[in-house]
Amino acid sequence: MEGKRPNVAATTPDLSVQVGPLTLKAPVMPASGCFNVGQEVAHLFDLSCMGAIINKTVMPGPRPGNPPYRVLERTAGLINSIGIPSKGPAEFLEHQLPFMRSLGTRVIVSIGGLSEADYAGLAALMDAQEGIDALELDLSCPNHAERRPFALSADATRSLVRAVRRATRLPLIAKLAPNVSDIVAIAAAAMEAGADALCVANTYPAMGIDIEERRPVLGLQTGGLSGPAIKPMTLRLVWEIVSELDAPVIACGGVTTWRDAVEYLLAGARAVQVGTANFTNPRAIPDIIDGLRAYLVRHGFARVTDIIGAAQPPERRARIARPSA
Amino acid sequence: MEGKRPNVAATTPDLSVQVGPLTLKAPVMPASGCFNVGQEVAHLFDLSCMGAIINKTVMPGPRPGNPPYRVLERTAGLINSIGIPSKGPAEFLEHQLPFMRSLGTRVIVSIGGLSEADYAGLAALMDAQEGIDALELDLSCPNHAERRPFALSADATRSLVRAVRRATRLPLIAKLAPNVSDIVAIAAAAMEAGADALCVANTYPAMGIDIEERRPVLGLQTGGLSGPAIKPMTLRLVWEIVSELDAPVIACGGVTTWRDAVEYLLAGARAVQVGTANFTNPRAIPDIIDGLRAYLVRHGFARVTDIIGAAQPPERRARIARPSA
Amino acid sequence: MPATPANVPWHMVTGTVAAAHLDAAGYRRLVVHAPPVAAACGPGQFVMVRAPEWGMLLLSRPFDVYRTDPEAGTLEILFKVKGEGTQRLAALRAGDPIHVLGPLGRPVPLPQDGRGVLLVSRGAGVSPMVRIAQECAQRGIRARALVSAASRERLVGIQDLETLGVTVHPLTDDDPAALRPVQILSGWAAGGDWGAVYVCGSRRLARAARDVCRAHNLAGYVFVEAHMACGFGICHGCAVPVRPGPGNPTGQVAYALACVRGPALPIEEAVLD
Amino acid sequence: MPATPANVPWHMVTGTVAAAHLDAAGYRRLVVHAPPVAAACGPGQFVMVRAPEWGMLLLSRPFDVYRTDPEAGTLEILFKVKGEGTQRLAALRAGDPIHVLGPLGRPVPLPQDGRGVLLVSRGAGVSPMVRIAQECAQRGIRARALVSAASRERLVGIQDLETLGVTVHPLTDDDPAALRPVQILSGWAAGGDWGAVYVCGSRRLARAARDVCRAHNLAGYVFVEAHMACGFGICHGCAVPVRPGPGNPTGQVAYALACVRGPALPIEEAVLD
Ligand SMILES: Cc1cc2nc3c(=O)[nH]c(=O)nc-3n(C[C@H](O)[C@H](O)[C@H](O)COP(=O)(O)OP(=O)(O)OC[C@H]3O[C@@H](n4cnc5c(N)ncnc54)[C@H](O)[C@@H]3O)c2cc1C
Ligand SMILES: Cc1cc2nc3c(=O)[nH]c(=O)nc-3n(C[C@H](O)[C@H](O)[C@H](O)COP(=O)(O)OP(=O)(O)OC[C@H]3O[C@@H](n4cnc5c(N)ncnc54)[C@H](O)[C@@H]3O)c2cc1C
Ligand SMILES: Cc1cc2nc3c(=O)[nH]c(=O)nc-3n(C[C@H](O)[C@H](O)[C@H](O)COP(=O)(O)O)c2cc1C
Ligand SMILES: Cc1cc2nc3c(=O)[nH]c(=O)nc-3n(C[C@H](O)[C@H](O)[C@H](O)COP(=O)(O)O)c2cc1C
Ligand code: FES
Ligand code: FES
């Protein structure tokens, strides 16, 4: 079934996309917490091919993270309970941000916290730095022993995004939680409160039990599921949000090969993040970019934007194609 | 790490469990909609080994179900959008219930509908029949084009279970939806309203896109994910409910081998249902029962109830061990 | 014509690949040693198969049975590599184990009054036609086949049909002189004593066959397409729409399960547009 | 002792199984042809490996490197079948491809002042000891090893250590006359000129080694246990608690990443109780 469209672009297709106010050179970037800032794999590929670089979520102060075991493998998925260890913002600004800025791609800084003040404080701090293109608000980490994720509630999400919006002019990406009864309501709350884009989504609460030892494997019992197992669910979250709202969406969940990236783009995501796949294939991101490019060439698309939302019903496609959406 | 406990029961362990008011001879049964009523596999194994038989959800009247494609495979998971085709209650009472009753095991009748009146009407009808041991209320099928599942909301769940409770004295099992922000609140609502036990849970909303055709694969776009991919998430739902509430739980999600069944029992489920596994291994249920029995023998447990909740912290175990819990 | 036979109990076995062939145009043919399945498999039935190394796949894959040899205990399937499942099946070699459920679905009815059959197929759709031809050969029923493909090189199964005594008419898209299928079939129907038409692998051919069946009052059976999770009637995933008629008395939207009512439906029941 | 060396860039290659051995007591040993990894692999480093047929598994599995032969371009790993990953690795045969990331972690420092080393291990924990012994042999460093197991039949790696010139003291749980590990190590430490102790495969042995290091002022390194998702520092999954000290100046709860700070930690940093 390949090659149905006229081959208008045998040359290299344009991979650039607009995600709200952000222009990315390619619609693929790492997922926060699954790449540090790329130093460990810089010898394997040219990091500047990525649409953006994003750090592991920085917290307002140093914290050790969760006790072991922190990771556990299950069928086609990884369960983690890392707990966002952090050396705090000072270390981030000194050692990680300069490296991120040096890469020649967009710089997205992921921030976290336990209170609105935590997020607002970090946002204000980042606002004062040079060379940050956007903030991603991790509202959805399921592994804080201290509190439920903000993104489980539309009200908590709205209030938090509003507080951050007051603290910075930087574009804001709200990273939502997948395990909610009504994702559209929470997505809408984030956008109303001033988010410029959404990251959909984080890990799914999950656990594993050691049947020989008869106790949970993870140190804090439960964690978050990521990897291929979750992709069909997160794809549906993206589909629902794009169907209902004018919100630019970055998809995040189980992207392992270029096919997954294409599925998300066809559903209407404007970019994808790659998390767990980096662990098993440290070259996953350039592989996905190459595969996406080849898909576009094979199908005769000159621009990746031609396929964004293309699996949606015709009546929605025009709206989705608008860069602001 | 096997055989740590003294081998007190080299003889056949007692597999019977109490699920609220129901005594089951074994803690394994089919999941609704994944077994019809067993006629198709009756030549493969003795159906009476199962703890119960359950029908595919019967609806208040005949309905065709959803347009094709209705099923789609994804990594370690199946996405379905069957849409509960039904021939209605008369056909059920005439052709299926008698077969169910003939099997020499508990008879659980799964009922569905689009309104409280639908459920109450079917419950009253079933109440008038002989040989039904319990009703399972499918509050969570994600594939009705017509409405959202009741079990996405604590209020809708409470109100519906209350209406059914008034219509029958039969034990009620409320089958919950997994994709909710707060499963404990919904579980509590079902129990308060008069449910005798919970079935945790149904499929997870999901979808797949055909990247060559550039359209959703399923006829109604989205469906529900089942199979091995979902087990770690449903295990955590069971864990949370058992941790917080005095509710007898039947686990349902991704049980494929006896190891999955043991994980759920260790988390505190009192029985498990087997769905998707029947499609790829029509002998899955007896295989799981055999594996569970062998596990108990190997570890020296005389009763399966000895392992129910055994992975929970000690302070919770006594409560969970009570048959009423 | 007798009524469509009922479903019979099927077997769940781990068979062995007896031989793996690469036929014309990239078609793969596996000969599978699975005696109880081979012995029970009527014309038009199918099997669900799975290789032991199945990666992250879950479901078995459905294939029409191409041919059986009950004495040798073997059955054959014919397929082209499409996705990961067929790729893994194509990697199997003689001696490898293979999981088999079958025979599944209902055998197609054959004329019992001495009249012959017309077999109409495209691509891998020839597979059930070979099995039907085998049955016809045994019962002394005459068979004529229209075997279609995009080009001469893509034709498959013709020799095996001929060995079974079938008169084969190949038809390729790249032949400008060729008659249209409906013309060929009409000619055949008008000129002989035929009891039934069977069609697999192309909606266009199925519509042609239906028109000819209507015009000449022949029984017709079409192999329908569906995604299958189980193959034996418990998942309700393989629904195909059916038209008003004996299978759908109300005339409303209605579906039949391809795995238990099919894989071939009476041609007037199937929705072909 | 020099400071622990830093991490060096690692390689991602598809190697080839050069040989697959079944050693004593069910231990498997794979010889893997992966020249860049073999060439760069210092003592105490590990690899993440994965078979091409990995079923529904996702993650590669970590193994200490047993031995390298940079000229042949090979490295070896030693393991016992535990779960599905090791089962699939055990099924590999000479000629099969195998995915390798490595060398990972930091090499352990070796004495540079002419003093010898003590190698203390149990079970598969002998693996890094053989690689350390190999390095010692090259640098002319004396080595003595305590190799522990439940019973004589379960001892593994002793001959390879001896071939590398190591004096090996086997110690089995079923030997009623045996001294306790701490007694043996104390005796050794008191009676010789040793610069460092390395221990792998047993907490009990690690505690004994720690006590001896303290009493005799020796450098000690313990291989820690962790579940690893990546093996190269980006998942933060392999955290192990560390005690107050240079690696944890605050004295609060703190963790080190076993894959980039280890796999061997200075023995006073590791939490052994
Ligand atoms: C009753 C029946 C008989 C069949 N007989 C033959 C035959 O004799 N020869 C042959 O070449 N093909 C046959 N097919 C089609 C064959 O089953 C598919 O080509 C095969 O399942 C593709 O699997 P895959 O993993 O390679 O492809 P993928 O496209 O990767 O499969 C992904 C999923 O989609 C399903 N799927 C994809 N395409 C089809 C399709 N056309 N029909 C049904 N399911 C599909 C698969 O079962 C699987 O669940 C038959 C289908 C049915 C329903
Ligand atoms: C740095 C390092 C070096 C190692 N070196 C060796 C060695 O040389 N020889 C050897 O036999 N074993 C070694 N191990 C342990 C080995 O990695 C595990 O036995 C193996 O991963 C088990 O995989 P499995 O799929 O067979 O078992 P399963 O128990 O099915 O594995 C399931 C999951 O748990 C993880 N896991 C299970 N047990 C362990 C464990 N003990 N350590 C780490 N992860 C585990 C696996 O990686 C996998 O993700 C080492 C572990 C680490 C961290
Ligand atoms: C080990 C691990 C650590 C993670 N750490 C963070 C984090 O610090 N901040 C965050 O926003 N998300 C974090 N995540 C979530 C990922 O960014 C991503 O949302 C999730 O894993 C789903 O994508 P994937 O399936 O591609 O991994 C982490 C995920 C994993 C597996
Ligand atoms: C094909 C299919 C049909 C189903 N039909 C029903 C149904 O009629 N009623 C119901 O309550 N659940 C239905 N379910 C949900 C299952 O009962 C079960 O809750 C779910 O599949 C998770 O379990 P599993 O992973 O073991 O399949 C269906 C699931 C599948 C896959
Ligand atoms: S394939 Fe399952 S019912 Fe037909
Ligand atoms: S294993 Fe991933 S950080 Fe150590």
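Residues numbered from 1 in each chain as written. Chains lettered and ligands numbered in written order. Predicted model: local features only at pLDDT ≥ 70, side-chain atom pairs only at ≥ 80, totals over all residues. Heavy atoms only, no water.

The secondary structure content of chain C amounts to seven helices and 15 strands. For chain C, the C-alpha radius of gyration of 18 Å lies close to 19 Å, the compact-globule estimate for 273 residues. Seen along its three principal axes, the alpha-carbon backbone of chain C occupies a region of about 50 × 45 × 35 Å. Considering chain C as a whole, with its 273 residues, one finds that 56% of them fall into the buried category. Restricting the contact set of chain C to residue pairs at least 6 apart, pairs at least 24 apart contribute 71%. Of the roughly 10800 Å² of accessible surface on chain C, a fraction of 50% belongs to carbon and sulfur atoms. Here chain C holds 26 positive side-chain charges and 22 negative ones, and the gap between their average locations is 4 Å. (Helix = DSSP H or I, 4+ residues; strand = E, 2+ residues; numbered from the N terminus. Rg over C-alpha atoms; globule rule 2.2 N^0.38 Å. Buried < 20%, exposed > 50% of the residue type's maximum accessible area, 1.4 Å probe, protein only. Contact = heavy atoms within 4.5 Å. Areas by Shrake-Rupley, 256 points an atom, 1.4 Å probe, with all protein chains shown as cover. Lys, Arg positive; Asp, Glu negative; His and termini not counted. Charge placed at Lys NZ, Arg CZ, Asp CG, Glu CD.)

All names here are of chain C. Sheet architecture is open: six strands sit in the order 10-9-8-11-12-15, paired in mixed fashion. The strands lining the two open edges of the sheet, one partner per strand, are strand 10 (167-172) and strand 15 (264-266). Pairs of neighbouring strands in the sheet enclose a mean axial angle of 20°, with direction left out of account. Sheet topology places strand 12 (residues 219-223) next to strand 15; three bridges connect them, and they run antiparallel. Note that in strand 15 the partner of Val-222 across the bridge is Leu-265. Packed onto the sheet, helix 3 (residues 126-139) meets strand 8 (116-122), strand 9 (143-149), strand 11 (194-200) and strand 12 and runs at close to 160° relative to strand 8. Along the sheet, helix 6 (residues 203-216) makes contact with strand 8, strand 9, strand 11 and strand 12, crossing strand 11 at roughly 165°. (Pairing = 2+ DSSP bridges. Axes fitted to C-alpha atoms, helices over the stretch in contact; angles between N-to-C directions.)

The subject of this paragraph is the relation of the copies chain A and chain B. Superposition of chain A onto chain B requires a rotation of 180° combined with a translation of 0.0 Å along the rotation axis, giving an RMSD of 0.0 Å. On this basis, the relationship between the two copies can be described by a two-fold rotation axis. Looking at chain A, 100% of its interface residues are interface residues in chain B too, so the copies touch through the same face. (Least-squares fit on C-alpha atoms with pLDDT ≥ 70 in both.)

Okay, the site of ligand 3 next. By nearness alone, 25 residues border ligand 3, and Ser32(A), Thr57(A), Lys175(A), Gly254(A) and Thr276(A) come closest of all. Lying at an intersection of chains, ligand 3 is approached by residues of chains A and D. Asp138(A) places a polar side-chain atom, nitrogen or oxygen, 3.1 Å from an oxygen atom of ligand 3. Between ligand 3 and Lys175(A), the relevant distance is 2.7 Å, taken from an oxygen atom to a side-chain nitrogen or oxygen of the residue. For ligand 3, whose unbound accessible area comes to 600 Å², protein coverage reaches 98%. (Near = heavy atom within 4 Å. Polar contact = N/O pair within 3.5 Å; in protein donor to acceptor, adjacent residues only side chain to side chain.)

So, on to the site of ligand 1. Residues and elements named next belong to chain C. Around ligand 1, a shell composed of 21 residues is seen, among which Arg-61, Pro-62, Lys-82, Gly-83 and Thr-86 lie nearest. A distance of 2.8 Å separates an oxygen atom of ligand 1 from a polar atom in the side chain of Arg-61. A distance of 2.8 Å is found between an oxygen atom of ligand 1 and a backbone nitrogen or oxygen belonging to Gly-85. The protein chains hide 83% of the 820 Å² of surface that ligand 1 would expose on its own. Of all the elements in the fold, those that place two or more residues in the shell around ligand 1 are strand 4 (61-64), strand 6 (74-79) and helix 2 (84-90). Among the elements that take part in the shell around ligand 1, strand 4 stands out by supplying four residues, more than any other.

Residues and elements named next belong to chain B. Axis separation between helix 5 (residues 231-244) and helix 9 (residues 314-321) bottoms out at 9 Å; the angle between their running directions is 85°. Comparing the axis directions of helix 5 and helix 9 gives the class roughly perpendicular. Facing Trp-239, Val-242, Ser-243 and Glu-244 of helix 5, the residues of helix 9 in contact are Arg-316, Arg-319 and Ile-320. (Parallel < 35°, antiparallel > 145°, perpendicular 65-115°, else oblique.)

So, about helix 4 (residues 183-192) of chain B. Residues and elements named next belong to chain B. For helix 4, a buried count of seven out of ten residues is recorded, marking the element as mostly surrounded by other parts of the structure. When helix 4 is considered as a whole, its buried residues turn out to be Ile-183, Val-184, Ile-186, Ala-187, Ala-188, Ala-189 and Ala-190. Of the surrounding secondary structure, the elements contacted by the buried residues of helix 4 are helix 3 (154-167), strand 9 (172-176), strand 10 (197-200) and helix 5. Immediately beyond the C-terminal end of helix 4, within one or two residues, lies Gly-194, with a positive phi of roughly 115°.

Turning our eyes to something else, we now look at the pairing of strand 1 (residues 11-22) of chain D. Residues and elements named next belong to chain D. Relative to strand 7 (residues 97-104), strand 1 runs antiparallel, the two being bridged by six bridges. Opposite Met-12, over in strand 7, you have Leu-101 as the bridge partner. Of the pairings in the sheet, the one linking strand 1 to strand 2 (residues 28-33) comprises six bridges and is antiparallel in character. Bridge pairing in strand 2 links Leu-22 to Arg-28. Once strand 1 ends, the chain turns through five residues before running back antiparallel as strand 2, passing Ala-25 with a positive phi of about 50°.

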